[in-house]
Amino acid sequence: MNRPKMLKSFRYAGVGFTKLLRFENNFQFHALAAVLVLVLSSLSNLARWEWLVVCISIAAVFTAEAFNTAIEKLCDLVSKERLQEIEDIKDIAATGVLLTAVGALIVAFFVFGKRLLESELFTL
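Residues numbered from 1 in each chain as written. Predicted model: local features only at pLDDT ≥ 70, side-chain atom pairs only at ≥ 80, totals over all residues. Heavy atoms only, no water.

Let's shift gears to the nonpolar core. With ten residues, the main nonpolar core is built from Leu 20, Phe 27, Ala 31, Ala 34, Leu 46, Val 54, Ile 58, Phe 62, Val 111 and Phe 112. Looking at this core, the elements that each hand over two or more residues are helix H2 (25–43), helix H3 (48–78) and helix H4 (84–118). Residues in contact with Val 54, not counting those within four places in the same chain, are Val 37, Ser 41, Leu 46, Val 107, Val 111 and Phe 112. (Core = buried A, V, L, I, M, F, W, Y, C linked by side-chain atoms within 4.5 Å. Buried < 20%, exposed > 50% of the residue type's maximum accessible area, 1.4 Å probe, protein only. Helix = DSSP H or I, 4+ residues; strand = E, 2+ residues; numbered from the N terminus. Contact = heavy atoms within 4.5 Å.)

A rise of 1.5 Å per residue sets the reference length of H3, with its 31 residues, at 45 Å; its end C-alpha atoms lie 45 Å apart and thus fit the reference within 8%. Inspection of H3 places Glu 50, Val 54, Ser 57, Ile 58, Val 61, Phe 62, Ala 64, Glu 65, Asn 68, Thr 69 and Cys 75 among the buried residues, and these make up the whole buried set. Here the buried face of H3 lies against helix H1 (3–23), H2 and H4. (Expected span 1.5 Å × (residues − 1).)

Two numbers describe how H1 lies on H2: the axes approach to 6 Å, and their chain directions differ by 95°. The angle between H1 and H2 falls in the class roughly perpendicular. Seen from H1, the contacting residues are Phe 17, Leu 20, Leu 21, Arg 22 and Phe 23; seen from H2, they are Asn 25, Phe 27, Gln 28 and Ala 31. Tallied by class, the residues present in the contact of H1 with H2 amount to six nonpolar, two polar and one charged. (Axes fitted to C-alpha atoms, helices over the stretch in contact; angles between N-to-C directions. Parallel < 35°, antiparallel > 145°, perpendicular 65-115°, else oblique. Nonpolar A, V, L, I, M, F, W, Y, C, P; charged D, E, K, R; others polar.)

Within the secondary structure layout, Ser 57 lies in helix H3. You can call Ser 57 buried: its relative accessible area is 12%. Once residues lying within four places of it in the same chain are set aside, the contact partners of Ser 57 are Ala 104 and Val 107.

A separate point is H4. Relative to the 51 Å expected for 35 residues at 1.5 Å per residue, H4 spans 49 Å between its end C-alpha atoms, a close match to the ideal helical length. For H4, the principal kink sits at Phe 112 and spans about 50°. Buried within H4 are the following residues: Ile 86, Lys 90, Ala 93, Val 97, Ala 101, Val 111, Phe 112 and Gly 113. On its buried face, H4 is in contact with H2 and H3. (Bend = angle between axes of the 7 residues up to and from the residue.)

Remember that the coordinates give geometry; whether it matters functionally is a separate question.
Right, dumping it as structure tokens:
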């Protein structure tokens, strides 16, 4: 791949990320959650492997939300009618985001659970 073409690909991806962040409420929610998790991570003295799983979890949720949004927009373009097949496709894509977010919550529980329970927040 030549360099100008590769740079265009990155530019297109940046435009897509900006659109998700500006116009998609669910992506905005996930971005806010990611910022909070990254702040909590930086305050928690995580091990390298814990940083790794936290970052992979954040990337997975962002990726799932991006694919879900793309699928929804494609479905809306394909048919303006309320077809059952289109509804099923959208529901299944949304389930992908939900499963990824639940997986990220499980990671958060394992990474932060003990730290939070042992913190001053839970001492009487």
